[in-house]
Amino acid sequence: MKVTIYGTGYVGLVTGACLAEVGHHVLCMDVDSAKIAKLKQGLIPIYEPGLEQIVRANSANGQLAFTDNIEEATGFSDLQFIAVGTPPDEDGSADLQYVVAVARSIATYMDSYKLVVTKSTVPVGTSDLVRQTIATTLEESGKKLDFDVASNPEFLKEGAAVSDFLRPDRIIVGTDKVTVQKRMHELYAPFNRNHDRLIMMDIRSAELTKYAANAMLATKISFMNEMANIAEELGADIENVRQGIGSDPRIGYQFIYPGCGYGGSCFPKDVQALHRTARKHGYESDVLAAVEAVNQRQKTRLFKKIREFYGNSLQGKVFALWGLSFKPKTDDMREAPSRVLMEALWEAGARVQAFDPQSMEETQRLYGQHPSLTLMGTKEAVLRGADALVICTEWQTFKAPDMDLLLASLADRVIFDGRNLYDPAMLADKGLAYYAIGRGLSVRQS
């Protein structure tokens, strides 16, 4: 099948590359000519395991192509996917201007039937807006053409997006037409060999399913962070609690790891957008408000521990920072807890020496030549001259450090761990102070 995808960001590029990987012919369109030029050269704007290989391979064999010409994109196929960004507006609601612009452009240049599918994460009712936009534009131009609109939200985890797309646990399609169902079954047939993963439903339910899924996962994280904070006050160890409740199959172990808050392009934006959507329709969601509030507070937790340890005297202190991305296996720093921490440390007069396996370039882009930030090439290098170590991201490379090197390098022999990577008793035996999330009474050498 021929498929056009509008937007070459995270969702659009992964979708296009993976559809091409199974044999479809895909044209990805973006208004950013510089990005398109780089993609044609095989240069990938984001880090995602496995993505670069399949983009290059399918570009080379002609299955995947890129363009900045919207007329070409519209004419390429009758299956048109909208995968542009929906950034949060000033009030936290999703900004749909790019989605509407693509819908208007499709209507402007189409000269035959089109099936327009929203892949972007959009509020309930957006497909109605897309349909209305296309119909109005067609009417204004005097064209009488048939089209359909469907919803096909993505459920991709950053760091595992390629494998998630190629081996999905479910494929949600929202449509009110049997003919559209058949087209989507045909499109996703290569992913349905073992059993049918397509779940068909009405469009509004499909749109809400995406928000509900992300809100549920964010709720689990905020709940565990709240339990971790309570555990600290009660002298309990949240890691023991996590294992105790995770063994219950009704709860499970996924997304119950406490830490210094969630970030990224999805959870913060989607929880806010769903909360604003509910409020717009006259319903005040106390749960969503609490999830968001707990997460914002949790991002300040590490700085609070640091400030209390040093008695508010951080001027001139040097902190080694391991981890900048919001999670491992990505270079994404949107809403990352590391940013909240670094900015608080700088405001208090401290300096940061940071390392991340993938996010160094993105950090440089965000902060430029910040006078209180030094980016270093290895996790060992950032320890030199540091007073303390802070951990914000649970990369594998941080999980088994040289404890003797930490002891010899850190002037104040203290670790602030936002991801609970280590055993407090072991660090105490080594002579290192250790402040983690929800680990009861902080362990120090007596």
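Residues numbered from 1 in each chain as written. Predicted model: local features only at pLDDT ≥ 70, side-chain atom pairs only at ≥ 80, totals over all residues. Heavy atoms only, no water.

Describing the environment of R242
Operational definition: Numbering goes from the N terminus for both helices and strands, where a helix is a DSSP run of H or I of at least four residues and a strand is a run of E of at least two. Accessible area is worked out with a 1.4 Å probe on protein chains only. A residue is then buried under 20% of its type maximum, exposed over 50%, and partly exposed in between. Should any heavy atoms of two residues lie within 4.5 Å, those residues are counted as being in contact.
When you line up the elements, R242 lands in helix 10 (residues 238-246). By relative accessible area, which is 9% here, R242 ends up buried. Taking the C-alpha atoms as reference points, R242 and M201, separated by 41 residues in sequence, lie 35 Å from one another. Discounting residues that sit within four places of it in the chain, R242 has contacts with M224, Y253, I256, Y257 and P258.

Overview of the pairing of strand 13 (residues 414-417)
Heads up, the rule is: Only strands that DSSP links by at least two bridges are regarded as paired with each other. With the strands aimed away from the viewer, a crossover counts as right-handed if its path from the first strand over the helix to the second runs clockwise.
Judged by which residues are buried, strand 13 turns out to be covered on both faces: V414 and F416 on one side and I415 and D417 on the other are all buried. Here strand 12 (residues 388-391) runs beside strand 13; their pairing, made up of three bridges, is parallel. Following the sheet pairing, V390 is matched in strand 13 by F416. Handedness of the crossover is the feature at issue here: the chain leaves strand 12, passes through helix 16 (residues 403-409), returns alongside strand 13, and the resulting connection is right-handed. Pairing geometry for strand 13 and strand 14 (residues 433-435), over three bridges, is parallel.

Thoughts on the state of the cysteines
Stated formally: Put simply, a disulfide is two cysteine sulfurs that come within 2.5 Å.
This model, assessed by the stated rule, comprises zero disulfides. Of the cysteine sulfurs around C260, a residue in no disulfide, the closest is that of C392, at 4.6 Å. Take C260: its relative accessible area is 1%, and that puts it in the buried class. Sulfur of C266: no disulfide; nearest cysteine sulfur belongs to C18 and is 16 Å away.

Description of the pattern of salt bridges
Working definition: two side chains of opposite charge can pair if their charged atoms are close together. As a reminder, the rule being used: Basic side-chain nitrogens of Lys or Arg form a salt bridge, by our definition, when they fall within 4 Å of a carboxyl oxygen of Asp or Glu.
Under the definition given, this model contains 26 salt bridges. A salt bridge links K305 to E232; the nearest nitrogen and oxygen atoms lie 2.8 Å apart. Taken together, the residues K305 in helix 13 (residues 301-309) and E232 in helix 9 (residues 203-234) connect sequence positions 73 residues apart. Using a relative accessible area of 9% as the deciding quantity, one classes K305 as buried. Taking the relative accessible area as the measure of exposure, E232 reaches 15% and is therefore buried.

Details of unusual backbone geometry
A positive phi angle, close to 60°, is found at F255, a residue other than glycine. Summarising the element assignment, F255 is placed in the loop between helix 10 and helix 11 (267-280). One non-glycine residue, N312, lies in the positive phi region at around 65°. Looking at the element boundaries, N312 is found in the loop between helix 13 and strand 9 (318-322). The class of N312 is exposed, set by a relative accessible area of 58%.

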